[in-house]
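Residues per chain, in single letters:
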Amino acid sequence: MSNFIKTSSIYVFSSILSATIPFLLLPVLTRYLSPEQYGQVAMFNMFTAGLASIIGLSVHGAANRRFFDKDVTNTQLARFNGNCLFILLSSTVFALFVFSFFYSQIANYLGFPPVWIYFGILNVCCSFLLTLRLGQWQIRGKAKLYGVLQVTNSLVVISFSILFVVVLHLGAEGRIYGMILTGVIIGFISYCTLIKDKLFLFEYNRKDINEALSFGIPLIPHVLGGFLLLSVDRLLINKELGLEMTGVYMVAFSLGSALNIIFNSINKAYSPWLFARLKENDFNKKIDIVKKTYLYFAFLLVMSLLAFFIAPPLLKVMVGEKFYQAAEVLPILLIGQVFFGMYFMVTNYIFYVKKTKYLSYVTIFSGLINVLLLFLLIPSYGISGAALAFLIANVLRFIGTWALSARLYSMPWALWRS
């Protein structure tokens with residue numbers, strides 16, 4: 001347990017530092033970009049979030065899970081990773097081909113320049129390499145290397161963004177240029193370190209590809225459901241209220257996402273630790289896991305209540321006056337993120353038993369509920385309605401995932417019966 005705490009603290013510290021760096025950029029961007037320009041950046045981020053379900057097909061998760069299979073050799077792992085890269089390249093080419101026919105129409109609908117479509121494809125491809133690199137360090141317990149690359153990524157993107165937005169006055173395009181250049185540089189570093197560590201063997205193997213796809217393809221609805229939960233709100237806000245309100249909403253959402261980053265970091269340390277203990281199949285250890293999970297839930301719920309008092313004044317200190325309206329929705333978004341953090345603690349069991357297709361059902365359902373609520377609430381309550389829809393959908397996602405994980409993998413959740 002002490003090793004878990006040490007590893008987790010490195011992940012959390014590096015993630016907090018990594019998250020703090022963009023927050024230092026937020027006061028700058030909200031003073032150099034108008035709400036409309038910030039809205040354009042938000043729409044680009046929404047587009048790339050949707051692309052993530054197509055490019056790479058989420059097979060980086062399969063590469064991580066493969067590490068925990070019994071009697072797998074380093075050569076087999078490297079070959080599996082190489083075939084995952086083949087899938088990445090094939091899906092990227094497919095995306096370029098498909099979007100070449102109607103990239104202009106999509107860009108006009110989303111409200112940004114057509115060339116950003118190709119920027120988005122490039123960015124998602126590079127992000128896959130970064131995610132794969134970080135994942136391979138995570139499963140091997142190399143938290144320090146993970147943290148260094150994560151923080152470096154944030155430092156590079158903030159440096160380029162300041163150069164293009166503040167120094168060269170390129171507006172929203174400057175912010176996008178900063179993101180793309182960072183993606184290319186960090187993606188190249190990720191690829192080179194994977195090669196250096198001999199984690200790529202480029203030998204086509206149909207069995208590896210089928211196994212990776214059998215893990216990743218069922219996750220496509222899951223990723224799309226996550227898109228419906230986390231990104232489609234800005235599309236509907238843009239269409240109902242305009243780019244200006246989209247920008248205001250995204251400032252609040254960006255601040256709320258700090259919790260998401262922390263929860264992800266804790267999960268990166270927690271999931272390998274959990275998988276190792278589940279592999280032992282010790283009932284007493286399972287009881288201990290459940291007790292700690294409940295304590296974590298209680299801590300998060302208490303922290304969410306404090307958000308109503310701390311978040312609004314904090315936001316007004318950080319952002320420009322044009323974005324003050326974001327303070328109205330920030331507490332609601334923070335509570336939604338808390339339930340997202342609780343979701344992480346129950347979803348790992350589904351990944352452990354490799355039943356990811358069932359997880360997709362829950363995510364799609366909660367995502368569709370989110371869309372329905374957005375249509376119902378935004379016209380009457382504006383961005384506050386969007387935040388409330390996000391909260392309700394995340395509560396449903398947490399409850400549904402917990403029920404599913406309990407069905408697929410037996411854990412003593414009812415401690416009073418143990």
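Our subject is the structure listed above.
Remember, it's a predicted structure, so these values are computed and weren't measured experimentally.

Enquirer: Now, about the packing of helix α6 (residues 115–139) against helix α8 (residues 171–196): what can you tell me, with residues and values included?
Expert: Contact pair α6 / α8: the axes reach a minimum separation of 8 Å and the direction vectors enclose 40°. Between α6 and α8, the crossing angle belongs to the class labelled oblique. The crossing of α6 and α8 is left-handed.

Enquirer: Lay out the packing of aromatic side chains in plain terms, naming residues and giving numbers.
Expert: Inspection of every chain in the model, using the stated rule, returns 35 aromatic pairs. Arranged with centres 6.2 Å apart and planes meeting at 70°, the rings of F44 and F112 form a pair that is edge-to-face. Taken together, the positions of F44 in helix α2 (residues 35–51) and F112 in the loop between α5 (103–110) and α6 put the pair 68 residues apart, joining distant regions of the chain. The two residues F44 and F112 agree in class, both being buried. Taking 5.8 Å as the distance between ring centres and 50° as the angle between the ring planes, the aromatic pair formed by Y343 and F344 counts as tilted. Given the relative accessible area of 3%, Y343 is considered buried. Three or more aromatic residues link up through ring pairs in this structure, and these residues are F275, Y294, F297, F339, Y349, Y352, F398, W402, Y409 and W413. Against the face of W137 rests R133, its NZ or CZ located 3.9 Å from the ring centre.

Enquirer: Give me the lowdown on the state of the cysteines, citing residues and values where you can.
Expert: One pass over the full model with this rule turns up zero disulfides. No disulfide involves C84; its sulfur sits 14 Å from the nearest other cysteine sulfur, which is in C125. Exposure remark for C84: the relative accessible area of 0% places this residue in the buried category. Left unpaired, C126 is separated from the closest cysteine sulfur, that of C125, by 5.5 Å.

Rules and cut-offs
- Residues numbered from 1 in each chain as written.
- Predicted model: local features only at pLDDT ≥ 70, side-chain atom pairs only at ≥ 80, totals over all residues.
- Heavy atoms only, no water.
- Axes fitted to C-alpha atoms, helices over the stretch in contact; angles between N-to-C directions.
- Helix = DSSP H or I, 4+ residues; strand = E, 2+ residues; numbered from the N terminus.
- Parallel < 35°, antiparallel > 145°, perpendicular 65-115°, else oblique.
- Left-handed = near helix turned anticlockwise from the far one by under 90°.
- Phe/Tyr/Trp six-rings, centres within 6.5 Å; stacked < 30°, edge-to-face > 60°.
- Buried < 20%, exposed > 50% of the residue type's maximum accessible area, 1.4 Å probe, protein only.
- Lys NZ or Arg CZ within 6 Å of the ring centre and 35° of its normal.
- Disulfide = S-S within 2.5 Å.

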